[in-house]
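Inside the fold
Spelled out, the chains give:
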Amino acid sequence: MLGTVLIASAATLAAPVAGALGHRRLKQAAGARLMRIDTPRGIDEQGFVRIGGIEQWISVRGEDRDNPVVLEIHGGPGASNAIHGPRTRAWEEHFTVVRWDMRGTGKTLRRSGTEGQGEIGFARMYQDAVEVTRHLRARLGVDRVVLLANSFGSAFGLRLARRYPELYSAYVGTDQNIHDAGRDDSTHRALLARLRAAGKRKELATVEALGTDTRTWTAEQYGTYARIAASSDPLTLATMKSVVMKSLWYSPLHSLGDLGALGKGMKLSGQILPATADFDDWADGTAFDLPFFVFQGDRDVLTPADRAKRFFDDVQAPYKEFALIEDAAHFAAFRHPDRFLDLMLAKVRPVVVEGRELAARP
């Protein structure tokens, strides 16, 4: 849902004033040095793999191939996580991190253009995720991978974890998005309250005109709502400026052309949102046959922690844990990558490693 929030900013970054380019190159070079992997058992592969009939970009990075493999499902839709490489470099000391630009996103979009993306739809992209998972199992020689889904990516994540527990050693949701077919309008009402308190009458009128039934919204209306919601909260807005936009601009993996493709992809991918309005995570089932974790920003106004916690409380799983990341809105894992890593090391990695060792015993 937040992909459209970044479109205008991405376009601005793709056409900068000349004076900013030199500084950008210096920061990119520093980021590239930070991201260098030269350990004997390390892996650093970026390239295109044929998934779902088209070439899709996949990055596999880590300092030790024996570490657990983590497959990220990015949010947006259309908001690539690859831009955050330097911020999350420490994760790769303990995990092999796989980042994938889904169809209609970033480098995958730039590879073959809009017309070469095939179907942009939830069902097609869901099947892509299954295919990517199976590709990784074969390429890396592992039975299961940790499924790490953030924001809108967690709509895919829940359904993958529920349907394919044999492919995943654990599910980790962050900025966890919970669908309930529109029954709970508390997030919408909270936005209206923030706009009234701030005296933003124009934005208030726009949101009121949308109504609370998201099943009637177009992709453009989802985008409008997301932009207003993100800008209405000081912490979310600050995080977008200091974390997301800086990561976009200084990413050593992205050229100016790539930035333009990221902006286009966020708009293109937004078309899948209306088809998800009837999703109901409770109705789909709260039983998961794998360890289940949710790490949520305590001040997230877009995917609030209380809704994620209500769903988590109903989850039945072999093992489950919920944790709040303090002083974090949306993009919690990227605002505080060190705290997120601490949670992954303290809660997820021991469960995954123990499960792997048990599976290996005769």
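Take the sheet that holds strand β8 (residues 320-325) next. Strand order in the open sheet made by the 8 strands is β1-β2-β4-β3-β5-β6-β7-β8, with mixed pairing throughout. Of all strands in the sheet, those with a lone pairing partner are β1 (43-51) and β8, marking the two edges. Neighbour-to-neighbour, the strand axes of this sheet turn through a mean angle of 20 degrees, independent of strand direction. For strand β2 (residues 54-62) and strand β4 (residues 96-100), the ladder comprises 4 bridges, and the chain directions are antiparallel. Bridge pairing in β4 links Val60 to Val98. Here helix α4 (residues 122-140) sits on the sheet in contact with β1, β2, β3 (69-73), β4, β5 (145-150) and β6 (168-174), set at roughly 135 degrees to β1.

Before going further, it helps to examine helix α6 (residues 186-198). Look at α6: 18 Å from first C-alpha to last across 13 residues, which is about the 18 Å you get at 1.5 Å a residue. Where α6 is buried, its residues touch α7 (201-210), α8 (219-231) and α12 (305-314). Following α6 by one or two positions, Gly199 has its phi on the positive side, about 70 degrees.

Axis separation between α7 and α8 bottoms out at 11 Å; the angle between their running directions is 140 degrees. The orientation of α7 with respect to α8, classified from their angle, is oblique. As for how α7 packs across α8, the hand of that crossing is left-handed. On α8, the residues that touch Glu203, Thr206, Val207 and Leu210 of α7 are Gln221, Thr224, Tyr225 and Ile228. Along the lines of polarity and charge, the residues of the contact of α7 with α8 split into 4 nonpolar, 3 polar and 1 charged.

Criteria and cut-off values
- Residues numbered from 1 in each chain as written.
- Predicted model: local features only at pLDDT ≥ 70, side-chain atom pairs only at ≥ 80, totals over all residues.
- Heavy atoms only, no water.
- Pairing = 2+ DSSP bridges.
- Helix = DSSP H or I, 4+ residues; strand = E, 2+ residues; numbered from the N terminus.
- Axes fitted to C-alpha atoms, helices over the stretch in contact; angles between N-to-C directions.
- Contact = heavy atoms within 4.5 Å.
- Expected span 1.5 Å × (residues − 1).
- Parallel < 35°, antiparallel > 145°, perpendicular 65-115°, else oblique.
- Left-handed = near helix turned anticlockwise from the far one by under 90°.
- Nonpolar A, V, L, I, M, F, W, Y, C, P; charged D, E, K, R; others polar.

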